[in-house]
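Geometric and topological summary
Chain residues, written in single-letter form:
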Amino acid sequence: MKNKLDLLEIIDLEVNFHLDEGLVKALKGVSFSLGTNETLGVIGESGSGKSVTAQSILGILPQPPSIIRKGEILYDTGKERLNLLELDEESYRKIKWKDISIIFQEPMSSFSPLHSIGDQISEALITHYQGMDIKEVLDKCYETLSKVGIPQPKKFFERYPHEFSGGMRQRAMIAMAIICNPRILIADEPTTALDVTIEAQILELLDQLRNELNMSMIYITHDLTVVSDIADRIVVMYLGTIVETGSVEEVIDHPVHPYTKALLRSIPRIEHSEEELQPISGSIPSPFEVFPGCPFYSRCEERIEGLCNIENPVAKSLNKDHSYVCHLK
Amino acid sequence: MNHVLEVKNVCKFFQLGKTKMFGEQILLKAVNDVSFKLYEGETLGIIGESGCGKSTLGRCIVNLYNTTSGQIFYNEPKGEINLTQASERVRQYHRRNIQIIFQDPFASLNPRINIFETIAEPLIVNGFRKEEINQRVAEIIEEVGLRKEHLRRFPHSFSGGQRQRIGIARALVVGPKIVICDEAVSALDVSVQAQIINLLKKLQEKNKFTYIFISHDMSVINHICDRIAVMYAGKIVEIGEKKDVLKYPKHPYTEALIGAIPKLTNRKNKIKRKSLAGEPPDLTSNMGGCYLFDRCSYKSSECKEMLNELLNTEISNHKSSCIKRNEVELTGL
Ligand SMILES: Nc1ncnc2c1ncn2[C@@H]1O[C@H](COP(=O)(O)OP(=O)(O)OP(=O)(O)O)[C@@H](O)[C@H]1O
Ligand SMILES: Nc1ncnc2c1ncn2[C@@H]1O[C@H](COP(=O)(O)OP(=O)(O)OP(=O)(O)O)[C@@H](O)[C@H]1O
Ligand SMILES: [Mg+2]
Ligand SMILES: [Mg+2]
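Parameters and conventions
- Residues numbered from 1 in each chain as written.
- Chains lettered and ligands numbered in written order.
- Predicted model: local features only at pLDDT ≥ 70, side-chain atom pairs only at ≥ 80, totals over all residues.
- Heavy atoms only, no water.
- Phe/Tyr/Trp six-rings, centres within 6.5 Å; stacked < 30°, edge-to-face > 60°.
- Buried < 20%, exposed > 50% of the residue type's maximum accessible area, 1.4 Å probe, protein only.
- Helix = DSSP H or I, 4+ residues; strand = E, 2+ residues; numbered from the N terminus.
- Contact = heavy atoms within 4.5 Å.
- Domains from an automatic or database assignment.
- Buried area = accessible area lost by both parts, 1.4 Å probe.
- Salt bridge = Lys/Arg side-chain N within 4 Å of Asp/Glu carboxyl O.
- Polar contact = N/O pair within 3.5 Å; in protein donor to acceptor, adjacent residues only side chain to side chain.
- Nonpolar A, V, L, I, M, F, W, Y, C, P; charged D, E, K, R; others polar.

This brings us to the packing of aromatic side chains. A ring pair, where both rings are aromatic, is described by two values, the distance of the centres and the angle of the planes. Enumeration over the complete set of coordinates arrives at seven aromatic pairs over all chains. Ring geometry for Phe209 of chain B and Tyr211 of chain B: centres 6.1 Å apart, planes at 35°, overall tilted. Here Phe209 of chain B and Tyr211 of chain B have matching classes, each one buried. A ring pair is formed by Tyr232 of chain B and Tyr253 of chain B, whose centres lie 4.5 Å apart and whose planes are at 50°; its orientation type is tilted. Of the two residues, Tyr232 of chain B is situated in strand β9 (residues 227-232) and Tyr253 of chain B in helix α9 (residues 252-259); the sequence distance between them amounts to 21 residues. Across this residue pair, the class does not change: Tyr232 of chain B and Tyr253 of chain B are buried. Here the aromatic residues Tyr238, Tyr259 and Phe296 of chain A are joined through ring pairs into a cluster of three or more.

With that out of the way, let us pick up unusual backbone geometry. The omega torsion across Gln63 of chain A and Pro64 of chain A is -10°, close enough to zero to call that bond cis. Secondary-structure assignment places Pro64 of chain A in the loop between α1 (50-58) and β4 (66-76). Omega for the bond connecting Pro64 of chain A with Pro65 of chain A falls within 30 degrees of zero, at 5°, which places this linkage in the cis form. With respect to the secondary-structure elements, Pro65 of chain A resides in the loop between α1 and β4. A positive phi angle, near 65°, is found at Asn37 of chain A, a position not held by glycine. Relative to the elements of secondary structure, Asn37 of chain A occurs in the loop between β2 (22-35) and β3 (39-43). In the Ramachandran plot, Asn63 of chain B falls in the positive-phi region, its phi being about 75° despite a non-glycine side chain. Here Asn63 of chain B is to be found in the loop between α1 (54-61) and β4 (69-76). Using a relative accessible area of 15% as the deciding quantity, one classes Asn63 of chain B as buried.

Along helix α4 (residues 117-128) of chain A, the residues that are buried comprise Ile117, Gly118, Gln120, Ile121, Ser122, Ala124, Leu125 and His128 of chain A. Buried residues along α4 of chain A sit in contact with α2 (89-95), α5 (134-147), α6 (153-158) and α7 (166-178) of chain A.

Moving on, we get to the domain arrangement of chain B. Residue and element names in this part refer to chain B. Partitioning chain B into domains gives domain 1 (1-92 + 201-333) and domain 2 (98-175). Relative placement of domain 1 and domain 2: their C-alpha centres are 30 Å apart. At the junction of the two partners, domain 1 supplies 14 residues and domain 2 supplies 10 residues. Summed over both sides, the interface between domain 1 and domain 2 buries roughly 890 Å², with carbon and sulfur atoms accounting for 69% of that surface. Connecting domain 1 to domain 2 are one salt bridge. Here Glu143 makes a salt bridge to Lys206, at a shortest N to O gap of 2.9 Å. Inspection of the region where domain 1 meets domain 2 yields one residue pair in polar contact (both at pLDDT 80 or more). When contributions to the side of domain 1 that touches domain 2 are tallied by element, the ones reaching two or more residues are α1 and α6 (190-207). Examining the composition of the side of domain 1 that touches domain 2, we find that four residues originate from one element, α6, more than from any other. Here the residues of the side of domain 1 that touches domain 2 sort into eight nonpolar, three polar and three charged.

Below you can see the structure in the form of C-alpha cells.
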C-alpha cells in the first residue's frame, strides 16, 4: 500500500493507556495512509481508537496516561518526510494548524467561552504569520468566516461562542481550522452533535473547501452513511485495530470482514423500514480485557473455534483497493 | 380508534433574563400552540431540527414542565382528565401512566444509587408495597434483557446500551400506558441502537404501550413509527400517516428533511444529499407569517400573511400548515 504520493503514512502505531484500573491497549498496530487531495473516512464504534489516532497525528495525546509504544507517523512536507512522533514541541507547533489541523466533535468545548470568536480564530494566524499587520489579519479572518458561510463576518467576529447555534459554532470551528490553509484537515465527528439538515450543509461545505484549498481530509465518524457521502476510501476500526480498508464502493458495496457486514446490517435504512433491524450480537468487550486471536471473535457470526480465538489474523489483499484482516477467505 | 391523550393548543414559553433597558422580559417560544391526538397502541414520531421544541413538548406532557397555556387531556375508560388543571394529587397519580425515557443514558442515572434502587424509585414514590416492588423489578429486569446479578451494581459499571436498558426498565416498571422516548437511541452506537429499537418494539407488542418517539433521525423514526409529526420552530407543521408523510410530504420543510437523510447509496461527487440553506429562526423574536419563510424555495408574498394553522390536505388524516400544500409538487422518498 505504499504510494509515492502519500501525504501521510501511519505505520504500525501502538498506543497504551496506563490507568488505575488497568492497561488499555487503545491502538494495537494501526497502519494506513492518506493520499494527496483525498478524503479518508475512519469509522468504528465507540472506543475503537478513532480519536486516539487523530490525537497521535496532531501530537495532542495526553502523555501520561498514554504511551506511544511503537510506530511511525510519516508526513511529507514536500521537501522531506518527517516522522511526527520524533518532533519536539517547538517543531510541532510549526506544523499544527498550518500543515495539519483538526475540527473537534464538540465545538462548544473546543472554544473558550471567555474570548470572542474573533480572538480565537485569529490566534493561529498570528502565531504562524508573525509579519502580518492587524489589517491583514482581520481581512483574512473575515474572508475565512464568509468562506464557511457566515453571513456577517464582521459582526460575528466580536461575539462569543455561546451566542450561537450548534451549526454556526461548527462553522466557526471550521474557519479556525482552515485559516492557515492546512494541507491535511482531520475532522473528528464534526457533525455528530448536529441534526441532518445542518449536517448535510457542513458535509457539503467541507468537501467544497477541500477542493478549493487542495486539502486532504481524514473524516472520523461512527456513521457509515455519512462516510459513504463524503469519503473516497474507508478504514474500519474495531477495538484498536483496522479490520478492513478500501474504496467506498468496495467496502460498502462488497464488504468482506464479518464486522463490516454486521455493521451494515444494523443500520436503520430509510429504504427498508419493514425489515427488523439486526443488531450485532453481544457487546464490545471491556477495553481492559486481554484475549488472544481476533478482536471480533466473541461477536462474530462466522468465527471458527480453535482458529479465530487462538491465532491473530493477518492482513489479506483482495485487490489494490481493498484489504481486510480475518482468517476467512 | 380511541385516543389516549389529547394535546390542545399547548404553549411553553421560557422567560430569559430581563433586558436592561425597560425591564421588559424576553420570551423564548419553545412550544407554540401545538395540538394533536395520540391514539391507543400507536407510535407517533416527532421529528425536527435541534432546538425546535421536541423535548420541551415531551416534558410538558409528562408534567416535568408546567405549560404556559393550553390543555393536556389524559383519556381513561372512565373519562377524560385535564392534566393541566388537575390537583397535584391527581397529577401525581396519573404521572404513573405517562413515563419518559431520556436521551442520555449516562446523565440520566444517579451514579450513587444501585440499579435496584434506580429502577424501584418510581414504585416507591407511587407507594407500592415491598413485595410488589421486588416482584415488579425482577420482572422488568428480565424483560429488558438484564440479569439479577446486575441489580446490586452501580451505573458506572454498565455500557451505554445497558444503561439505556436500565433507563427503559425504570420508565416501564410502574406499568405506564404512554411512554415518551426522547431520543432514546440517539447516543448509542449503531449496533446497540438496533438492539434497543428491537427491544422497544417487542415490549410494545407485549404490553400494548402507546409511544411518542422523539428523534431527529428520520431512518429511526421510519423504523418504529406509525404516524409522524414534523416540528419546526415550536410548531407542528405537518402530521399524518408515516407512509404518506414520507412519500407525499405536504410541507416544504418535510421535503427538506427527507432530502437531507443520509443514505448508504449516496456517493461523493455522484449522488448527493440535499441540504436546506440557512438557519432556523430566533425563537425570541416576534415572528409573523410562515416561520420557514427565509429558507423556503416555494415562498411568495401570501406566505407572510398566513396563520400557521394545521389544515387538511387531499390525503385523509394528513395535515400541513403550508398554504401552498395543494399547489406545489413536493418530492418524497
Ligand atoms: N484520555 C484517556 N484516558 C484514558 N483512556 C483513554 C483516553 N482516551 C482514550 N482512552 C481509551 O482508549 C480507547 C480508544 O478511545 P478513543 O477515544 O480513541 O475511541 P473513539 O473510537 O474515538 O470512540 P468514540 O466514538 O466514543 O469517540 C478507549 O478504550 C478509551 O477508553
Ligand atoms: N429550561 C429552559 N430554559 C430556557 N430555554 C430553554 C429551556 N429548555 C429549552 N429551551 C430552549 O427551547 C428551545 C427548544 O428546546 P428543546 O430542548 O425542546 O429542543 P429539541 O427539539 O428537543 O432539540 P434537540 O434535538 O437538540 O434535543 C431551544 O431554543 C432551547 O434553547
Ligand atoms: Mg472519539
Ligand atoms: Mg431534545
